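Breakdown of the fold
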Amino acid sequence: MYQDTSKLVVWQKAHQLTLKIYEATLNYPKEELYGLTSQIRRAAVSIPSNIVEGKARGSNLEYRRFLLIARGSLEEVKYQLLLSKDLCYLEEKRYSEIVNIALDVGRLLNGLIQSLGRS
């Protein structure tokens, strides 16, 4: 049975995170356009995309596999945010705001992964 994935809180938070990443990276140096800017945006987009794709596969096993991929992309984003802060591309306040959203996404992903079990 089809379920609108955009109604899942984890997807909504992941989408919010992606929007925040895009907004924050607008001010990154131009020389980072094909470096960190591109990398963090792709990793951020991967999170809600994998939630949607996994759900569409129709089996809990496939869904869980895609959620694990989304979690991996989330960890990439968290590191890239730290790097952005350390390179002074993000102010501490903005970094904290975005990381807090990322932590929420992580908690929600972990809960959903656990609810699907290992089978």
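Summary of the structure given here. Every value quoted in this text rests on a predicted model; they were computed, and no experiment measured them.

**Some remarks on the packing of aromatic side chains**
- All told, the structure shown has one aromatic pair when counted by the stated rule.
- Note on Y28 and Y89: the rings are 5.3 Å apart at their centroids and 45 degrees apart in plane angle, and the pair reads as tilted. Of this pair, Y28 sits in the loop between α1 (9-25) and α2 (36-56) while Y89 sits in the loop between α3 (60-86) and α4 (92-116), and the two are 61 residues apart along the sequence.
- In this structure Y28 comes out as buried when scored by relative accessible area, which is 5%.
- Looking at Y89, the relative accessible area reads 22%, which means it is partly exposed.
- The positively charged end of K85 is found above the aromatic ring belonging to Y95, 5.2 Å away from the centroid.

**Side note on α1**
- Taking 1.5 Å of rise per residue, the 17 residues of α1 would be expected to cover 24 Å, and the 24 Å separating its terminal C-alpha atoms lies within 8% of that figure.
- Among all positions of α1, only V10, W11, A14, L17, T18, I21, A24 and T25 are buried. One face of α1 carries all of its buried residues, which in axial projection span an arc of 150 degrees.
- Looking at the buried side of α1, the elements it contacts are α2, α3 and α4.

Rules used in this analysis
Residues numbered from 1 in each chain as written. Predicted model: local features only at pLDDT ≥ 70, side-chain atom pairs only at ≥ 80, totals over all residues. Heavy atoms only, no water. Phe/Tyr/Trp six-rings, centres within 6.5 Å; stacked < 30°, edge-to-face > 60°. Helix = DSSP H or I, 4+ residues; strand = E, 2+ residues; numbered from the N terminus. Buried < 20%, exposed > 50% of the residue type's maximum accessible area, 1.4 Å probe, protein only. Lys NZ or Arg CZ within 6 Å of the ring centre and 35° of its normal. Expected span 1.5 Å × (residues − 1). Arc of directions from axis to C-beta. Contact = heavy atoms within 4.5 Å.

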